[in-house]
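# Coordinates in review
One letter stands for each residue in the lines below.
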Amino acid sequence: MSFFSFGQSAEIDIVLNDAETKKKVEHKTEDGKKDKYFLFYDGETVSGKVNVTLKNPGKRLEHQGIKIEFIGQIELYYDRGNHHEFVSLVKDLARPGELTQSQTFDFEFTHVEKPYESYTGQNVKLRYFLRATISRRLNDISKEMDIVVHTLSTYPELNSSIKMEVGIEDCLHIEFEYNKSKYHLKDVIVGKIYFLLVRIKIKHMEIDIIKRETTGTGPNVYHENDTIAKYEIMDGAPVRGESIPIRLFLAGYEMTPTMRDINKKFSVRYYLNLVLIDEEERRYFKQQEITLWRKGDIVRKSMSHQAAIASQRFEGSSNNEKAVAQNKEDSN
């Protein structure tokens, strides 16, 4: 906005074309609050209008050009002066000249690449936004509008189970198994814990989901661990030969997909942490990384369609086999 009380100034408003029907999602802001933003996916077109409203009708507004940008950037909180842009697109809306009345400009960024998920963490922020600017000699007039991007994945081709052992020689031997190593954000972690040898008095046992945010490179690496969930497996002493089932629903927790080496600036990884506490308050734990991914409605529909086809094929082949067997019986 103009800092001067004389002359002409203007207000800018950015309106998306499908604003009335487009889905909004909650996203955490830097101060920890949650706001709702329009949701976009990779490759989706971003289009709309820039409304420029003159504050003083009858006075002209001289400018050096009007433009709109689509920007994806990473900001590291310990290096706030530098914004690392990984997407930067510009559309010129008007050449240098003057506005004599309020005006609306159309814009369209076609099939925009949005490679990473929007993220607000403890030491880093990845954001996408539109910025409309009226360039002027002394002071520009600009307006920003944030959007949120979700990255969708398909079902992993390889998703092996996790089998691990926790042991203290001649005191404790535990095996635990999780049904897979890659989970979508609304998945269920299913597993079992087997007590093969128990010679210490365990009083409590839990599984934690830990989020580890890593920022920076080389000597300037920062790790932030955050316990997302605690799941009590048992409260009391187990006996040898006992097995305990695990069933942990992820949908109730605030998590993002796993993010590895995003633009060589940061990573977000998730771990299952098995914790045992004995009667003397000693803690034993074993940590295992899991991969989280976001499943979309589009993916689900296509997968259910493929599953239906596979089911039909299976039923068809079964019916054919029955028919062949019946024919053999009839001929006999």
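Model, not experiment: these values are computed from the prediction.

### Description of the nonpolar core
One recurring pattern in soluble globular proteins: nonpolar side chains tend to sit buried together. Residues L130, Y178 and L274 are the most contacted members of the largest nonpolar core, which totals 74 residues. In terms of domain composition, this core takes at least three residues from each of domain 1 (10-149) and domain 2 (162-293). Apart from the residues lying within four places of it in its own chain, the contact partners of Y178 are S161, I162, Y183, I189, V190, G191, I207, I246, L272 and L274.

### Things to note about the pairing of strand 22 (residues 283-293)
Relative to strand 22, strand 15 (residues 182-184) is paired through three bridges, and the arrangement is parallel. Across the sheet, the residue bridging to K182 is T291, located in strand 22. Inspection of the sheet shows strand 21 (residues 266-278) paired to strand 22 by eight bridges, in the antiparallel sense. Note that in strand 22 the partner of Y271 across the bridge is E289. Hairpin geometry of strand 21 and strand 22 is characterised by an intervening segment of four residues between the two adjacent antiparallel strands and by a positive phi of about 65 degrees at E281.

### Things to note about the pattern of salt bridges
Within this structure, the stated rule accounts for 20 salt bridges. With a shortest N-O distance of 2.9 Å, K125 and E30 are connected by a salt bridge. A residue pair is termed long-range when its members are at least 10 positions apart, and K125 in strand 11 (residues 124-134) and E30 in the loop between strand 2 (24-28) and strand 3 (34-40) qualify at 95 residues. Judged by relative accessible area, K125 falls into the buried class, the value being 15%. Relative accessible area serves as the criterion here: at 37%, E30 is assigned to the partly exposed category.

Conventions adopted
Residues numbered from 1 in each chain as written. Predicted model: local features only at pLDDT ≥ 70, side-chain atom pairs only at ≥ 80, totals over all residues. Heavy atoms only, no water. Core = buried A, V, L, I, M, F, W, Y, C linked by side-chain atoms within 4.5 Å. Buried < 20%, exposed > 50% of the residue type's maximum accessible area, 1.4 Å probe, protein only. Domains from an automatic or database assignment. Contact = heavy atoms within 4.5 Å. Pairing = 2+ DSSP bridges. Helix = DSSP H or I, 4+ residues; strand = E, 2+ residues; numbered from the N terminus. Salt bridge = Lys/Arg side-chain N within 4 Å of Asp/Glu carboxyl O.

Function cannot be inferred from these measures alone, as they are strictly geometric.
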